[in-house]
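Overview (structure and organization)
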Amino acid sequence: MWCYIYRSSKKENSYLYVAKENDFSQVPKVLMDVFGTPSFAMKVLLDGKRQFVVGHAQEIEDKINSDGFFLQMLKDDDFYIGTN
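Residues numbered from 1 in each chain as written. Predicted model: local features only at pLDDT ≥ 70, side-chain atom pairs only at ≥ 80, totals over all residues. Heavy atoms only, no water.

Turning our attention to the layout of surface pockets. Put simply, the largest pocket is a space of about 160 Å³. Around the largest pocket sit Ile5, Tyr15, Tyr17, Ala41, Met42, Arg50, Gln51, Phe52, Val53 and Gln72, which together line it. For the lining of the largest pocket, the secondary-structure elements that each account for two or more residues are strand E2 (15–18) and strand E3 (39–45). Of the residues that constitute the lining of the largest pocket, the class distribution is 7 nonpolar, 2 polar and 1 charged. (1 Å grid on protein atoms, 1.4 Å probe; cavity = no way out; pocket = protein on both sides within 12 Å on 5 of 7 lines; lining within 4 Å. Points joined across faces, edges and corners; volume = space filled by probe spheres on them. Helix = DSSP H or I, 4+ residues; strand = E, 2+ residues; numbered from the N terminus. Nonpolar A, V, L, I, M, F, W, Y, C, P; charged D, E, K, R; others polar.)

Here you go:
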């Protein structure tokens, strides 16, 4: 599976992986608001030959297939969205 990786304009070292180029339709709006304007980083083949900072190719592909995207971030609290 090919995927497209985008860098966050608001959160350093945070990346969004999607299955279709420039298609963020399955990413929740609240996440996109925190992520900022996506900046294209690269197109990658998830064939198991490349190592990723977070997750393995199959895990990334599974997450894209189930949720429509994969979010790579340094810290879990980078994308904390308060409900108050």
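Moving on to the pattern of salt bridges. A full pass over the atoms with the stated rule returns 2 salt bridges. Residue Asp33 pairs with Lys29 through a salt bridge whose shortest N-O separation is 2.9 Å. In this pair, Asp33 and Lys29 are both assigned in helix H1 (residues 29–35), 4 residues apart and thus about one turn of the helix distant. Residue classification places Lys29 among the exposed positions, given a relative accessible area of 61%. Of the charged contacts, one joins Lys63 and Asp67 as a salt bridge, the two residues approaching to 2.7 Å between their closest N and O atoms. With Lys63 and Asp67 both in helix H2 (residues 57–67) and 4 residues apart, the pair spans about one turn of that helix. (Salt bridge = Lys/Arg side-chain N within 4 Å of Asp/Glu carboxyl O. Buried < 20%, exposed > 50% of the residue type's maximum accessible area, 1.4 Å probe, protein only.)

With antiparallel pairing, the 4 strands of this open sheet are ordered in space as E3-E1-E2-E4. Among the strands making up the open sheet, the edge pair consists of E3 and strand E4 (70–72). Strand-to-strand twist in this sheet, taken as the mean axis angle between neighbours without regard to direction, amounts to 25°. Relative to E4, E2 runs antiparallel, the two sharing 3 bridges. (Pairing = 2+ DSSP bridges. Axes fitted to C-alpha atoms, helices over the stretch in contact; angles between N-to-C directions.)

On to unusual backbone geometry. The phi dihedral of Asn13 falls on the positive side, at around 60°, and the residue is not glycine. Along the chain, the position of Asn13 falls in the loop between strand E1 (2–7) and E2. Judged by its relative accessible area of 35%, Asn13 falls in the partly exposed class. Unusually for a residue other than glycine, Asn22 sits at a positive phi of about 60°. By the element assignment, Asn22 lies in the loop between E2 and H1. Using a relative accessible area of 52% as the deciding quantity, one classes Asn22 as exposed.

This next bit is on the environment of Ala57. As for its placement among the helices and strands, Ala57 is situated in helix H2. Assessed through its relative accessible area of 8%, Ala57 is described here as buried.

Note that all results are geometric; they support no functional claim without further evidence.
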